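What follows is each chain in one-letter form.
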Amino acid sequence: MPESSVKPAFRSWPRAALLTLPMALWALLMMVPALRGPDRVARLMGLVSEGFMVYLFLMMVRTGRTYFWRKVFFVTLGFLFPVGFIIEMVHLRGTMSLPVEHVIAGTTPFCFMVIPMTLIPAGLSRVLIFPGTILATVGNSKAVAGMVALWLVATLVLGKAWCAYGCFFGGLEEGFASLLRRPVLKALNPIFRLGPWAVLVTIVLTSAATYSPTYCEWLCPFKAVTEFPELTSGRIVLPAVIFSGLFLGLVVVLPLLTRKRTQCAFFCPFGAFQTLFAPVSPFRIRLDRDACTGCGSCARACPNLALDADGIGRGAPGHACMRCGACVDVCRRGAARWHVLGTEAPSERARLLFLYAGWGFACLFGGGILASSLTHLFHLLG
Amino acid sequence: MGMFKQILGYLATTGVLVVLILGPFVLMPRFSRLVGELGIRPHPRYAGGPVVRTLQRGGYQIELSAPAGAVGPLERTRRFVQVAWSPAEAVPEVVDECLDLHGDGRPEVRLSFRVPKDPRTPLQGRVEVLDAARVEPLAELGRSADLSAVLVRVDQRIVARIPVK
Amino acid sequence: MFPAPPTLALVPEALVLGFASGSACLASCGVVLLPWLTGLRRGPGGTLALLGVYLGGRLGGYLVFGLGVGLAGARLDLRGSAGLLVGGLTSLAVGTMLGVQAWRGPRPEHGGCPAALGGPLDRRHGLAGLLARRQGLAGLALLGLLTGLNLCGPFVAATLRAAQAGGPLRAMLFFLVFFVGTAVWTLPLALVGLFRRWRALAQVARLTLGILAVHYTCFGALLLLGRWHHA
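Residues numbered from 1 in each chain as written. Chains lettered and ligands numbered in written order. Predicted model: local features only at pLDDT ≥ 70, side-chain atom pairs only at ≥ 80, totals over all residues.

Here we look at the packing of helix α2 (residues 40-63) of chain A against helix α3 (residues 67-93) of chain A
Residue and element names in this part refer to chain A. At a minimum axis separation of 8 Å, α2 and α3 run at an interaxial angle of 165°. Viewed along their axes, α2 and α3 adopt a mutual orientation that is roughly antiparallel. For α2 against α3, the interelement crossing comes out left-handed. Judged by residue contacts, Met 53, Leu 56, Met 59 and Met 60 of α2 engage Trp 69, Val 72 and Phe 73 from α3. Each residue belonging to the contact of α2 with α3 can be placed in one class, and the counts come to seven nonpolar, no polar and no charged. (Axes fitted to C-alpha atoms, helices over the stretch in contact; angles between N-to-C directions. Helix = DSSP H or I, 4+ residues; strand = E, 2+ residues; numbered from the N terminus. Parallel < 35°, antiparallel > 145°, perpendicular 65-115°, else oblique. Left-handed = near helix turned anticlockwise from the far one by under 90°. Contact = placed C-beta atoms within 7 Å. Nonpolar A, V, L, I, M, F, W, Y, C, P; charged D, E, K, R; others polar.)

This is the structure we're talking about:
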């Protein structure tokens, strides 16, 4: 029987547990630094977070479905990260805003979104156009070198799947996109799917021209939930209005109305940047055109608008595919499936191989953020 | 060819898993060190210029940096000289210094400010420009979004930045 | 006050200053030219021709500016409120032009033909086509003029030197040679013509123009309001 017409069956609990064992061991390994620390709350939250990640992996393996369980993690991460970050910043500085003292001290945590903007100035003049430190110090653990190293490993492991398993911002809009049962707005101009590339080109060019991180200064919507320059003058109020408007529009309202990740699909320059590295990962989604009936369920399910009629006809989603698994889970005919490049691995094997890699990174990075955020929250409330 | 592609595909998958396992223990520290060795430095707009002179004043010292400013082609950063007093707790309550910013023996500005006991209290300084041909017009210094003209406490230092021509 | 240099001495000085300022030039015009030219989807030769129109507008602006500098002499000071005014107005104008080009410019997604309404490649016959082509080319020349008046460090330095050149004609000569030095850096932008068949790239270029339009408009408004901090 052709593999394409058979959906993966439910696994038994013992078999699922056995397949989850490597992930559980990995999660335990990720917990070791927290378990060795002096903070009892941090140890407990480390256990809770990694236990949460292992449970979700178990359910993905047991049910044969990826998207829903991944979304539970991702939305939790998206909402908990800003909470933990804000608590940490208020504790350190007394304010959510970025004081000039911290800019001069170089203790601004380095965000991966900055990477595309820094490349040309760093290449031409060996300067970092960001108020951070290159190597970690006592006052700044989120230094540039460490974050770039993390990004490199993430890219080698995930490629474009960073957007579904790594990014701690995407969960916010994925959460808002899940609130309504049906979309209110359905027709979206497909040209805007190229928006992230336009934003990427704009910020790379303007940052190279002005030697300042123009995305951070003018456009980043997530400044609304992390940190922003102190609002001391009109020159700073205007960008604050812009990024607040972008956050409300692209992260809250449009996802709510369209049930899509509109900030990711229409705006995020880092998503476009990661797309350049998508070929690094051997994991793909493929559509079996023989099994496909053209119902379009996959395209409607895709949160990042990566699937359209062209893609379905071609047998593969577009460049915006984040490997979230929504299309595979929704396809009743099993036409949408996981694929390892070059191989004839059955979809379920390909999916498991991908999940070991992708979820392993999620435990490493996202699990750590969850633990840290919960610890901050516990200390604040406790 | 088909078998070859299969082998490559599974090798790539194995490679990804190896990268993941080695990532936090081997690769990330190595990559981090590599990035550190690239010789990239924070923009002087944020970090100030390199320290070129140090003046000893009893229990504390004053570090004067080289003029720093725009690096990029269209940057509008003003040139400034960073002056840092450290350690901050050893600095006297009242500071009144004539500063030779360019190291040519002629002071260009006179900066005076009080150091409050509470380190969280913002600093406020008065500036007297002694050489208008070399220093931008300036009367006061304090906390400001303009990184080329500030007077703030940064960690264990008191940092002043004076815009120069 | 410096004595006016001999006329011949102006040429190498202006050329060196222009060539040394090329990166600033490329940065200031490349940011808008790159998406503008990409959206027009001409081959390398055609793009080079369009670049020529752009540079022509820029040269015109330089010469007019040189004339003004030569007449104003040492009285001219672009550092301060005059500079903010010039910078603000030109940025607003550039922002407006970019917005119009993003909205009404060539629509590559409509059949892939770059000869669409309002662009310099409109292949309609008769008066309408001629007017559209001239309108498109005039827009490109105007863009060259406006982006050329970017008061970056090298341009201000050229202004100061031209003011000391000893008269409007010598100031214009200075700016002419300065222009040649800077223009050389922009020629590689014609290579975007190699990607003319890539329709998605042209669409990205149009969207980029829209974003840049907002950026330049906000930047111009801030300059005019005089709230720009030298960071």
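Re the sheet that holds strand β7 (residues 125-129) of chain B
Residue and element names in this part refer to chain B. Here we have four strands laid out as an open sheet, ordered β5-β6-β7-β8, and antiparallel in their pairing. Of all strands in the sheet, those bounded by a partner on one side alone are β5 (94-99) and β8 (140-141). In this structure, β7 lies alongside β8, joined through two bridges in antiparallel fashion. Bridge assignment links Gly 125 to a residue of β8, and that residue is Leu 141. (Pairing = 2+ DSSP bridges.)

What to know about the sheet that holds strand β4 (residues 80-86) of chain B
Residues and elements named next belong to chain B. Read across the sheet, five strands follow the order β2-β3-β4-β10-β9 without closing on themselves; strand pairing throughout is antiparallel. The open sheet has two edge strands with one neighbour each: β2 (51-57) and β9 (150-154). On average, each strand axis in the sheet is tilted by 20° relative to the strand beside it, whichever way the strands run. Both β2 and strand β3 (residues 60-65) contribute to a ladder of six bridges, which runs antiparallel. Counterpart to Leu 55 in the pairing with β3 is Ile 62.

A closer look at unusual backbone geometry
Here the residue pair Ser86(B) and Pro87(B) is connected by a cis peptide bond, since its omega of -10° sits within 30 degrees of zero. Even without a glycine there, the phi angle at Leu305(A) is positive, about 55°. One non-glycine residue, Arg41(C), lies in the positive phi region at around 55°. Within the secondary structure, Arg41(C) is located in the loop between α2 (22-40) and α3 (44-72). Taking the C-beta count within 10 Å as the criterion, Arg41(C) has 27 such neighbours and is therefore assigned buried. (Buried ≥ 20, exposed ≤ 12 C-beta atoms within 10 Å, placed from the backbone.)

A few points about the confidence of the model for chain C
Residues and elements named next belong to chain C. A residue-level look at chain C finds 78% of positions with pLDDT of 70 or above and a mean pLDDT of 79. Here residues 107-119 scores under 50 on pLDDT; set against residues more than four positions off or in separate chains, the count is 34 contacts. Taken together, the chains of this predicted complex give a pTM of 0.90 and an interface ipTM of 0.89. (pLDDT = per-residue confidence, 0-100.)

Observations regarding the interface of chain A and chain B
Where the parts come together, the accessible area they lose is often given as the size of the interface. In this complex, chain A contributes 49 residues to the contact, which on the side of chain B involves 41 residues. Looking at the side of chain A that touches chain B, the elements that each hand over two or more residues are α4 (100-105), α5 (115-125), β2 (127-128), α6 (144-158), α9 (195-210) and α17 (347-364) of chain A. Examining the composition of the side of chain A that touches chain B, we find that 10 residues originate from one element, α6(A), more than from any other. Pairing of β2(A) with strand β1 (residues 41-42) of chain B, which is carried by two bridges, proceeds in the parallel orientation.

Brief notes about α6(A)
All names here are of chain A. Taking 1.5 Å of rise per residue, the 15 residues of α6 would be expected to cover 21 Å, and the 20 Å separating its terminal C-alpha atoms lies within 8% of that figure. Burial within α6 is extensive, with 15 of its 15 residues counted as buried. Of the residues one or two after α6, Gly 159 is the one with positive phi, at around 65°. (Expected span 1.5 Å × (residues − 1).)

Thoughts on the pairing of strand β4 (residues 283-287) of chain A
All names here are of chain A. In terms of burial, β4 is largely enclosed, as four of its five residues are buried. In this structure, β4 lies alongside strand β5 (residues 336-340), joined through five bridges in antiparallel fashion. Note on β5: the bridge partner recorded for Arg 284 is His 339.

Some thoughts on the domain arrangement of chain A
Residue and element names in this part refer to chain A. Per the domain assignment, the segments making up chain A are domain 1 (1-95 + 344-382), domain 2 (97-281) and domain 3 (283-340). Each of domain 1 and domain 2 has a C-alpha centre, and these two points are 23 Å apart. With 21 residues of domain 1 at the interface, the matching set in domain 2 holds 21 residues. Mapped by element, the contributors of at least two residues to the side of domain 1 that touches domain 2 are α3, α17 and α18 (366-381). Looking at the side of domain 1 that touches domain 2 element by element, the count peaks at 13 residues for α3. Split by residue class, the side of domain 1 that touches domain 2 holds 13 nonpolar, five polar and three charged. (Domains from an automatic or database assignment.)

Focus on the environment of Met3(B)
Structurally, the position occupied by Met3(B) is in helix α1 (residues 2-36). Between the alpha carbons of Met3(B) and Thr121(B) there is a distance of 71 Å; along the sequence they are 118 residues apart.

With respect to the pairing of strand β6 (residues 109-114) of chain B
Residues and elements named next belong to chain B. Burial along β6 is one-sided: the residues Val 109, Leu 111 and Phe 113 are buried and none of Arg 110, Ser 112 and Arg 114 is. Summarising the sheet, β5 and β6 pair through six bridges and their orientation is antiparallel. Within the sheet, the bridge partner assigned to Glu 97 lies in β6 and is Leu 111. Where β6 meets β7, five bridges bridge the pair, whose relative direction is antiparallel. For Arg 110, the partnering residue across the bridge sits in β7 and is Glu 128.

Regarding the nonpolar core
Counting 194 residues, the largest nonpolar core has Phe57(A), Val144(A), Phe361(A) and Phe175(C) as its most contacted members. Element by element, the count of residues in this core is highest for α6(A), at 13 residues. The next biggest cluster of nonpolar side chains, apart from the first, holds 35 residues, and it includes Phe80(B), Val109(B), Ala149(B) and Val150(B). (Core = buried A, V, L, I, M, F, W, Y, C linked by C-beta atoms within 7 Å.)

Examining the packing of α9(A) against helix α8 (residues 199-225) of chain C
Running from amino to carboxyl end, α9(A) crosses α8(C) at an angle of 55°, the nearest separation of the two axes being 8 Å. The orientation of α9(A) with respect to α8(C), classified from their angle, is oblique. With respect to the hand of their crossing, α9(A) and α8(C) are arranged in right-handed fashion. Residues Gly195(A), Trp197(A), Ala198(A), Val199(A), Val201(A), Thr202(A) and Thr206(A) of α9(A) form the contact with α8(C), whose own contacting residues are Val204(C), Leu207(C), Thr208(C), Ile211(C), Leu212(C) and His215(C). Its residues assigned to classes, the contact of α9(A) with α8(C) comprises eight nonpolar, five polar and no charged.

Notes on helix α1 (residues 13-36) of chain A
All names here are of chain A. Taking 1.5 Å as the rise per residue, α1 with 24 residues should run 34 Å; its terminal C-alpha atoms sit 32 Å apart, in good agreement. Maximum bend of α1: about 40°, positioned at Leu 21, with proline Pro 22 one to four residues after it. Buried-residue contacts for α1 involve α2, α17 and α18. (Bend = angle between axes of the 7 residues up to and from the residue.)

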